[in-house]
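# Observations on the three-dimensional arrangement
Chain by chain, the residues:
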Amino acid sequence: MDDLSRFCCLHSDCPDHGRRGAGNLTVTARYGPGKARRMLRCRTCKARFSERKGTPLFDARLPPEKVVSVLEHVAEGCGVRQTGRLCRVNPNTVARYSRLAGGHARDLHDELVAVSPPDDRGPVR
Ligand SMILES: [Zn+2]
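Read on for an overview of the structure. The structure presented is a predicted model; accordingly, all values stated were derived computationally and were not measured.

Each helix and strand in the protein was counted, giving three helices and three strands. Written out in order from the N terminus, the α and β elements of the protein read β-β-β-α-α-α. Taken along the three principal axes of its C-alpha coordinates, the protein extends 45 × 40 × 20 Å. For the protein, buried positions account for 24% of its 125 residues.

So, on to the packing of helix H2 (residues 80–87) against helix H3 (residues 91–112). The interhelical angle for the contact between H2 and H3, taken along N-to-C directions, is 110°, at an axis separation of 8 Å. The angle between H2 and H3 places the two elements in the roughly perpendicular class. Here the hand of the crossing between H2 and H3 comes out right-handed. Between H2 and H3, the contacting residues are Val80, Arg81, Thr83 and Gly84 on the first element and Pro91, Val94 and Ala95 on the second.

Right, let's talk about unusual backbone geometry for a bit. The backbone phi angle of Lys46 is positive, close to 70°, even though this residue is not glycine. With respect to the helices and strands, the residue Lys46 is situated in the loop between strand S2 (37–42) and strand S3 (48–50). Positive phi values are uncommon outside glycine, yet Arg88 reaches one of about 55°. The class for Arg88 is exposed, based on a relative accessible area of 74%.

On to the state of the cysteines, then. Counted under the stated rule, the structure contains zero disulfides. In this structure Cys8 is a free cysteine whose sulfur lies 7.4 Å from that of Cys9, the closest cysteine sulfur available. Residue Cys78 stays outside any disulfide, its sulfur separated by 7.9 Å from that of Cys87, the closest cysteine. Given the relative accessible area of 18%, Cys78 is considered buried.

Conventions we followed
Residues numbered from 1 in each chain as written. Predicted model: local features only at pLDDT ≥ 70, side-chain atom pairs only at ≥ 80, totals over all residues. Heavy atoms only, no water. Helix = DSSP H or I, 4+ residues; strand = E, 2+ residues; numbered from the N terminus. Buried < 20%, exposed > 50% of the residue type's maximum accessible area, 1.4 Å probe, protein only. Axes fitted to C-alpha atoms, helices over the stretch in contact; angles between N-to-C directions. Parallel < 35°, antiparallel > 145°, perpendicular 65-115°, else oblique. Left-handed = near helix turned anticlockwise from the far one by under 90°. Contact = heavy atoms within 4.5 Å. Disulfide = S-S within 2.5 Å.

Laid out in structure tokens, this is it:
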């Protein structure tokens, strides 16, 4: 039995949109290398979507370990070019995944944190 309690419907018009563990999701298919990725379906609105949709791994061309490694380097303060050299990926790739991960982190923050203190420094660049 798949544990889908951390997933929610991503269809913005759906009454169960954003509700985790609401019991509305089922696994309809498995795909990708080793059939490791799940296609989910919402019983409420009938939408189907990849379990990776909305995460930096969605439609990723790099292997997941590589994406994680790139993001770990960036999170530790390595610059884009430095990370590219250390992980042996193109700097543009580093920049792209950083942007994806930044947006995902912001969304998660907004969901999990009730009050965010203002920061005069503005957004992280
Ligand atoms: Zn739905």
